[in-house]
Amino acid sequence: MILKRQIILNVRRGDVRVVVRENDELTEFYIERGGIVSSVGNIIKGRIDTIREELKAAFVDIGEDEAGFLPLKDLYASVSEKNRALVGAEIIVQVKKEAYGTKGARLTTFIAIPGRFLVLLPFRGLVGISRNIKDKDERKRLQGFASKILPKNMGFIIRTVAVGKHIKVLKLELTELLSEWKKIKRKIRTELAPTILWKEQELPIKITRDLLDDSVVELIVDSKKAYRKIIDYLSVRESTFLDIVKLYGESLPIFSHYGIEQEMRKIFRRKIWLKSGGYIVIDKTEALTIFDVNTGKYKGNKKTEEMIYKTNSEAASEIARQLRLRDIGGIIIIDFIDMEDENKERSFIDRFKSYLERDKARFKIANNLSNYGLLEMTRERVRKSISKRFIETCPYCEGKGHVLSPPYLFSKFISWIEEKKNLLENTKIRILANPRVANYFETEGRESLEHFCHKNKMHIEVISKEDQSMESVKIITMKRDETVTEEI
């Protein structure tokens, strides 16, 4: 199947949202919210706070709430810092990964300034050519170009989209990148740490620079300002792509027009159905993400090897898509349906790897299923996953995924009365409970409450409160002039 991609860019009230569709299927989603731009790619003049040999890391003040994390191997590879008293020293770093939870941004000293066709490496005298450029003659042509214009004590990487581009175009971009580096060096000499020396491009330009290739049939934008910026960017680099950039002007919001809003609602679902009737369940813990593949609605007399292979293959394609769409990083465990045929098992694992090749994030994957039928892999975490950006920890269950039941809380309350029954005569008790819990007390628990009221000569009032936790009840005991509040 020929891959046809469509990029749709939406700007609203300062937010920028971008989706990528491959053959009409949503595969990638990017967002900048309220003008808060990702720090990934920023080049910063920082100051080393501490060095922790046991963690093999240095922590660098980069002007954010948390110090950045710099691996010692990166630090010691930095020529300018070698053999110096490092704590308190200034250092040039680049943000490799966003801050995550309580962890600061991950940093590197291997600075890279990306362009459309080339990536300049100011501190590394080498030339790299994208592994995705397979043609030997083209690789030889590009290698010859690089050997003629390689800047002194610098290097660069030739990106995939440089294939077939005239040498003049590549030279022009290299000149631009060297000019950017001169500006950065000027700031290095004059600015005090911590300070940002160079910022990554805003999302519309970054998307155009990194995602636009021959597989893209449309880049549709609903903002005149963003449209103009993209056109200006391409005009001096790749005018051949100008025709596919389109300004959306309909009254219906662009994401609604293309059915994106409806698709976006599915991103956070735990269960994903497959065409075969099988389904995938996605569970996430602090350390890893788990995909569990199930046969689901299959109605055959037995689970044949062919059916299992088909379900696993569909799941492999969908999991590869979900990894990109949800931007899931870290350790990933996939529990495919057990297969007896080893040849078919290898076949669908190879197919899964081919689906992952479309992913721009780096990944590592085991070659075989483990003894327990699990496939293990890791995927590079650069930004916060979509779930981290849009989902908050439940204030009731605090992320556990479950809460104490109303019957259990009622049982706790009864135990509380039985323990204190000798102290509760002629007492007024007010119970403050979450509406769901309060409803149980007043319906299923009414008979028991009336029993204790009569037996212990007390008055019990149940009050429903929206802000009360679902895992506890607050009890206010009033006797004469004494009021006691406690939570159980």
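Predicted model only: the values in this text are computed from it and were never measured.

What counts and what doesn't
- Residues numbered from 1 in each chain as written.
- Predicted model: local features only at pLDDT ≥ 70, side-chain atom pairs only at ≥ 80, totals over all residues.
- Heavy atoms only, no water.
- Helix = DSSP H or I, 4+ residues; strand = E, 2+ residues; numbered from the N terminus.
- Buried < 20%, exposed > 50% of the residue type's maximum accessible area, 1.4 Å probe, protein only.
- Pairing = 2+ DSSP bridges.
- Contact = heavy atoms within 4.5 Å.
- Axes fitted to C-alpha atoms, helices over the stretch in contact; angles between N-to-C directions.
- Core = buried A, V, L, I, M, F, W, Y, C linked by side-chain atoms within 4.5 Å.
- pLDDT = per-residue confidence, 0-100.
- Phe/Tyr/Trp six-rings, centres within 6.5 Å; stacked < 30°, edge-to-face > 60°.
- Lys NZ or Arg CZ within 6 Å of the ring centre and 35° of its normal.

We now examine unusual backbone geometry. For the bond running from Ala193 to Pro194, omega is 0°, close enough to zero to count as cis. Topologically, Pro194 is positioned in the loop between α3 (167-190) and β13 (195-198). Phi at Asn23 is positive, roughly 50°, even though this residue is not glycine. One can find Asn23 in the loop between β2 (15-22) and β3 (25-32). The backbone of Asn153 shows a phi angle near 60°, a positive value even though the residue is not glycine. Residue classification places Asn153 among the exposed residues on the basis of a relative accessible area of 61%.

A few words on the sheet that holds strand β11 (residues 127-129). Spatially, β9-β10-β12-β11 is the arrangement adopted by the four strands of the open sheet, whose pairing is mixed. Two strands close off the open sheet at either side, each with one partner strand: β9 (113-114) and β11. Summarising the sheet, β11 and strand β12 (residues 155-158) pair through three bridges and their orientation is parallel. What sits directly across from Ile129, in β12, is Ile158. Docked against the sheet, α3 engages β9, β10 (118-121) and β12, running at close to 35° with respect to β10.

Our next topic: the nonpolar core. One recurring pattern in soluble globular proteins is that nonpolar side chains are buried together. In terms of nonpolar packing, the biggest core is built from 28 residues, with Phe291, Ile319, Ile334, Phe336 and Phe352 touching the most fellow members. Those elements that place two or more of their residues in this core are β17 (279-284), β18 (288-294), α8 (305-325), β19 (330-335), α9 (342-356) and β21 (374-379). Ranked by residue count, the leading element in this core is α8, at eight residues.

This next bit is on the confidence of the model for the protein chain. In the predicted model, the protein chain carries a mean pLDDT of 87, and 93% of its residues have values of at least 70. Ranking the elements of the protein chain by mean pLDDT puts helix α10 (residues 386-390) last with 67 and strand β15 (residues 245-247) first with 97.

Each pair of aromatic rings is reported with the distance of its centres and the angle of its planes. Tallying each qualifying case throughout the model produces 11 aromatic pairs. For the ring pair Phe336 and Phe348, a centre distance of 4.6 Å and an interplane angle of 75° mean the geometry is edge-to-face. Placement of the pair is Phe336 in the loop between β19 and α9 and Phe348 in helix α9, with a sequence separation of 12 residues. For the pair shown, Phe336 and Phe348 are each scored as buried. Ring plane angle 50° and centroid distance 5.7 Å describe the contact between Phe413 and Phe441, whose orientation is recorded as tilted. Of this pair, Phe413 sits in helix α11 (residues 406-420) while Phe441 sits in helix α12 (residues 435-442), and the two are 28 residues apart along the sequence. Just as Phe413 is buried, Phe441 falls in that class too. Taken together, the aromatic side chains of Phe410, Phe413, Trp416, Tyr440 and Phe441 make up a single cluster linked through ring pairs. Positioned over the ring face of Phe241 is Arg116, at 5.5 Å from the centre of the ring. Seen from the ring of Tyr309, Lys344 lies directly overhead, with NZ or CZ sitting 5.8 Å from the centre.

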